[in-house]
Amino acid sequence: MNFVPKAGPLVAEILSGSVILILGYFAIAYGEPAPLILHENPGIAVSLFALMAWLLGSFVDAVRNLLEELWDRRAPIRWDFFLHGQSDEIANLDHYFFSFYMADADLAIAILLYLILGRPLTSYVLGQRADFPWVVYIMLLIVALVFARDARSLRSEIKEYIDDSEKRRAEKSKAEVTS
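Residues numbered from 1 in each chain as written. Predicted model: local features only at pLDDT ≥ 70, side-chain atom pairs only at ≥ 80, totals over all residues. Heavy atoms only, no water.

Caption draft 1: Representation of the overall build of the chain. For the chain, the helix and strand inventory stands at five helices and zero strands. Starting at the N terminus and ending at the C terminus, the chain contains elements arranged as α-α-α-α-α. Of all 179 residues assigned to the chain, the portion counted as buried reaches 32%. Here the analysis covers contacts within the chain between residues at least 6 apart in sequence; of these, 81% occur between residues at least 24 apart. Working note: accessible area of the chain is about 11800 Å², and carbon and sulfur atoms make up 68% of it. (Helix = DSSP H or I, 4+ residues; strand = E, 2+ residues; numbered from the N terminus. Buried < 20%, exposed > 50% of the residue type's maximum accessible area, 1.4 Å probe, protein only. Contact = heavy atoms within 4.5 Å. Areas by Shrake-Rupley, 256 points an atom, 1.4 Å probe, with all protein chains shown as cover.)

Below, the structure written as C-alpha cells:
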C-alpha cells in the first residue's frame, strides 16, 4: 500500500495555513515602524512558518472535512468512488476537479477563519492590536466568496463526474450480462 502523501492535499493544507499566517503577520506589521522579531532570524522564521502553516492548513482541511458532512446531506457525493472506481477515472477526477476543489474550499475557509478570528487572536497572543484598513477586509471577504463559489461549482462537477462514471459502469455491466 502506498502511504506517500499526495501533492494536492499537501499543497491545499500548506497554502491555506500560509494564508492565515501571512494575513496575521501583515496585520501585525501594518503600520509597525520597528522590524518584527521574525526579521531578525530568517532561518528560524522560515522553519517556524513552514511548521505552523502545515499545522494550520491541516486544521483548515479538517474543518472542510467536517463541513463535508453537512454538504453531503444536501447533495451527497459517493466518496467511495475514490476507492472502487477505475484508476484512470480516479486520476482524471483528482487531476481536473478534486485537487482544485480542496484548494478552493480550504482557501475560502482559511480566509473566513482569519476574518472571524484573526484580529482577536493576534491581539490576544501578541498583546497588540493587529489591523488592516477596512477595505482590505472587504477585499478578503470578496476573495473568500469567490473561492467558496468556485469550490461549490467544482463539488457539483465532482458529483456529476462520479454519477456519470457509475452510470457508464452500470450500463457496461448490463450490456455484458445481456450479450
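Caption draft 2: A look at the pattern of salt bridges. Applying the stated criterion across every chain, the model contains ten salt bridges. Salt-bridge contacts for Arg168 lead to Glu89; the nearest nitrogen and oxygen are separated by 3.5 Å. With a gap of 79 residues between them, Arg168 in helix H5 (residues 134–178) and Glu89 in helix H4 (residues 87–126) connect regions that are remote in the sequence. On the accessibility criterion, Arg168 (44% relative accessible area) is partly exposed. When salt bridges with common partners are traced through the structure, they connect Asp61, Arg64, Glu68, Asp72, Asp106 and Arg155 into a single cluster. (Salt bridge = Lys/Arg side-chain N within 4 Å of Asp/Glu carboxyl O.)

Caption draft 3: Focus on a negative patch on the surface. Together, Asp150, Glu157, Glu160 and Asp164 give the surface a local cluster of negative charge. Take Asp164: it is sitting in helix H5. The partly exposed category is assigned to Asp164, whose relative accessible area is 35%. (Patch = residues over 30% accessible without salt bridge, like charges linked within 9 Å, V, L, I, M, F, W, Y side chains within 5 Å. Lys, Arg positive; Asp, Glu negative; His and termini not counted. Charge placed at Lys NZ, Arg CZ, Asp CG, Glu CD.)

Caption draft 4: Molecular detail of the layout of surface pockets. Put simply, the second largest pocket is a space of about 390 Å³. In this structure, the second largest pocket is lined by 16 residues; those nearest its centre are Trp71, Ala148, Ala151, Arg152 and Arg155. Those elements that provide at least two residues to the lining of the second largest pocket are helix H2 (42–74), H4 and H5. Here the lining of the second largest pocket gets six residues from one element, more than from any other, and that element is H5. When its residues are assigned to classes, the lining of the second largest pocket shows eleven nonpolar, one polar and four charged. (1 Å grid on protein atoms, 1.4 Å probe; cavity = no way out; pocket = protein on both sides within 12 Å on 5 of 7 lines; lining within 4 Å. Points joined across faces, edges and corners; volume = space filled by probe spheres on them. Nonpolar A, V, L, I, M, F, W, Y, C, P; charged D, E, K, R; others polar.)

Caption draft 5: Main features of the environment of Leu93. Examined against the element boundaries, Leu93 turns out to sit in helix H4. Along the primary structure Leu93 and Ile162 are separated by 69 residues, whereas in three dimensions their C-alpha atoms are 8.2 Å apart. Those residues in contact with Leu93 that lie beyond four places of it in its chain are Phe81, Phe82, Phe98, Ile158, Tyr161 and Ile162.

Caption draft 6: Expanded view of a nonpolar patch on the surface. Nonpolar side chains collect at one region of the surface, where Ile14, Leu48, Leu51, Met52, Trp54 and Leu55 lie side by side and expose about 560 Å² of accessible area between them. Structurally, the position occupied by Trp54 is in helix H2.

Caption draft 7: Here's a closer look at the packing of aromatic side chains. Counting across every chain of the model gives six aromatic pairs. Where Phe97 meets Tyr161, the ring centres are 6.0 Å apart and the plane angle is 50 degrees; that geometry is what we call tilted. Residue Phe97 is located in helix H4, and its partner Tyr161 is located in helix H5; the two are separated by 64 residues in the primary sequence. For Tyr161, a relative accessible area of 18% gives the class buried. Chaining the aromatic ring pairs together yields one cluster made of Trp79, Phe82, Phe98 and Tyr101. (Phe/Tyr/Trp six-rings, centres within 6.5 Å; stacked < 30°, edge-to-face > 60°.)

Caption draft 8: Structural context of the confidence of the model for the chain. Per-residue pLDDT for the chain has a mean of 82; in total, 82% of the residues score no lower than 70. Looking over the chain, one finds the lowest element-wise mean pLDDT in helix H1 (residues 7–29), namely 72, and the highest in H5, namely 92. (pLDDT = per-residue confidence, 0-100.)

Caption draft 9: Representation of H5 in the model. Helix length check: H5 (45 residues) gives 66 Å between terminal C-alpha atoms against 66 Å at 1.5 Å per residue, within 8%. Within H5 the residues assigned to the buried category are Tyr137, Leu140, Ala144, Ala151, Leu154, Arg155, Ile158, Tyr161, Ile162, Ser165 and Glu166. (Expected span 1.5 Å × (residues − 1).)

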